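A look at the structure
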Amino acid sequence: MSKTDENLRIAFADESQTNIEYLAYAHKAMDEGLMEIAQLFREAAGAETVHALSHLQAMGVVRTTLENLEDASEGEDLDISSIYPKFIEEARSERREEAVKSFTMAFEREKHHRTMFRKALRRLK
Ligand SMILES: [Fe+2]
Ligand SMILES: [Fe+2]
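Please read these numbers as outputs of a predicted model, since none were measured by experiment.

Conventions adopted
- Numbers given for residues are sequential positions, taken from 1 along each chain in its written order.
- A letter from A marks each chain and a number from 1 marks each ligand, given out in the order of writing.
- Owing to the predicted nature of the model, reporting of local features is limited to residues with pLDDT of at least 70; listing and counting of side-chain atom pairs is limited to 80 or more, with chain, interface and lining totals taken over all residues.
- Side-chain measures here rest on the full set of heavy atoms in the structure, leaving out hydrogens and waters.
- Put simply, a nonpolar core is a bunch of buried Ala, Val, Leu, Ile, Met, Phe, Trp, Tyr and Cys residues held in one set by side-chain atoms that sit within 4.5 Å of each other.
- Only protein chains enter the area calculation, which uses a 1.4 Å probe; residues under 20% of their type maximum are buried, those over 50% are exposed, and those in between are partly exposed.
- The secondary structure listing takes helices from DSSP runs of H or I that are at least 4 residues long and strands from runs of E that are at least 2 residues long, numbered from the N terminus.
- Throughout, a residue-residue contact means that at least one pair of heavy atoms, one from each residue, lies within 4.5 Å.
- Note on ring pairs: Phe, Tyr and Trp rings are taken, using the six-membered ring of Trp, and paired if centres are within 6.5 Å. Classes follow the plane angle, with under 30 degrees stacked, over 60 edge-to-face and the rest tilted.
- The donor set covers N, O and S atoms within 2.8 Å of the metal, switching to 3.2 Å for Na, K and Ca, and it leaves out water, so a site may look short of donors.
- For four-coordinate sites, all angles between 85 and 135 degrees define a tetrahedron; for four- and six-coordinate sites, opposite donors beyond 155 degrees with the remaining angles between 65 and 115 define square planar and octahedral shapes respectively, and all other cases count as irregular.
- Note that domain bounds follow an automatic or database assignment of domains.
- All axes here are fitted lines through C-alpha atoms, helices being fitted over the stretch that makes contact, and every angle between N-to-C directions spans 0 to 180 degrees.
- An angle below 35 degrees is treated as roughly parallel, one above 145 as roughly antiparallel, one from 65 to 115 as roughly perpendicular, and anything else as oblique.
- Definitions for this section: a left-handed crossing has its near helix turned counterclockwise from the far helix by less than a right angle. A right-handed crossing has that turn clockwise.
- Three classes are used, and their members are as follows: Ala, Val, Leu, Ile, Met, Phe, Trp, Tyr, Cys and Pro are nonpolar, Asp, Glu, Lys and Arg are charged, and the others, Gly among them, are polar.

Side note on the nonpolar core
Among the nonpolar cores identified, the biggest contains eight residues, and these are Ile80, Tyr84, Ile88, Ala91, Ala99, Val100, Ala106 and Phe107. Within the residue set of this core, elements represented by two or more residues are helix 3 (65-93) and helix 4 (97-124). When sequence neighbours within four positions are dropped, the list of residues in contact with Phe107 reads Asp79, Ile80, Tyr84, Pro85 and Ile88.

Remarks on the packing of aromatic side chains
Tallied over the full model, the rule gives six aromatic pairs. Both rings, one in Tyr25 and one in Phe41, keep their centres 5.4 Å apart while their planes meet at 65°; by these two values the pair is edge-to-face. Separated by 16 residues along the polypeptide, Tyr25 in helix 1 (residues 3-31) and Phe41 in helix 2 (residues 35-59) bring together distant segments of the chain. The exposure class assigned to Tyr25 is partly exposed, which follows from its relative accessible area of 40%. In this structure an aromatic cluster arises from ring pairing among Tyr22, Tyr25 and Phe41.

Description of the coordination of the iron ion (ligand 1)
Taken together, Glu15 (OE), Glu15 (OE), Glu48 (OE) and His51 (ND1) make up the full set of protein donors to the iron ion (ligand 1), lying 2.0 to 2.6 Å away. In this structure, the iron ion (ligand 1) is surrounded by four donor atoms whose angles at the metal cover 53 to 133°, and the resulting shape is irregular. In terms of primary sequence, the donors binding the iron ion (ligand 1) are separated according to E-x32-E-x2-H. Taken together, the residues Glu15 in helix 1 and Glu48 in helix 2 connect sequence positions 33 residues apart.

Considering the domain arrangement of the chain
Interface size, as often reported, equals the accessible area lost upon joining of the parts. When cut into domains, the chain gives domain 1 (3-59) and domain 2 (65-124). A straight line from the C-alpha centre of domain 1 to that of domain 2 covers 23 Å.

Some details on the coordination of the iron ion (ligand 2)
Around the iron ion (ligand 2), the protein supplies Glu76 (OE), Glu76 (OE), Glu110 (OE) and His113 (ND1) as donor atoms, at distances of 2.0 to 2.6 Å. One can describe the site at the iron ion (ligand 2) as irregular: its four donor atoms subtend angles covering 51 to 127° at the metal. Counting along the primary sequence, the residues that act as donors to the iron ion (ligand 2) give the motif E-x33-E-x2-H. With Glu110 and His113 both in helix 4 and three residues apart, this pair spans about one turn of that helix. Classification of His113 by relative accessible area gives partly exposed; the value is 29%.

Here's the deal with the packing of helix 1 against helix 2
Helix packing for two helices is described by the angle between their axes and how far apart those axes are. At a minimum axis distance of 8 Å, the contact between helix 1 and helix 2 shows a crossing angle of 160°. Considered as vectors, helix 1 and helix 2 are oriented roughly antiparallel to each other. In the packing of helix 1 onto helix 2, the handedness of the crossing is left-handed. A class-by-class count of the residues in the contact of helix 1 with helix 2 yields 19 nonpolar, six polar and four charged.

Shown next as structure tokens:
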């Protein structure tokens, strides 16, 4: 992997993460009645999405829809078969109940995503 490939991966991860953080900050500002600041966070979050999408394009990750469905199915499958079960178990052993709940909620939903992606893939083939 070249330096630029590595930098694109890092920048993409950072922009994506910042997008979600800003959305969460916007929710918090709204809870505190700070509507203008909430709007500021939402607008910046939108710009971070544009940056992330642009980096992703430069990474060449987006291919045909058939290939994207295959990639998405495999990604959801990895979450279901190894990542989330391990994370849930580790959070349980560290008595991190909120993390257990969050991982479990995502784990359950990924099953639905995998099913839907596989169905779409079969229809498209
Ligand atoms: Fe950005
Ligand atoms: Fe998912």
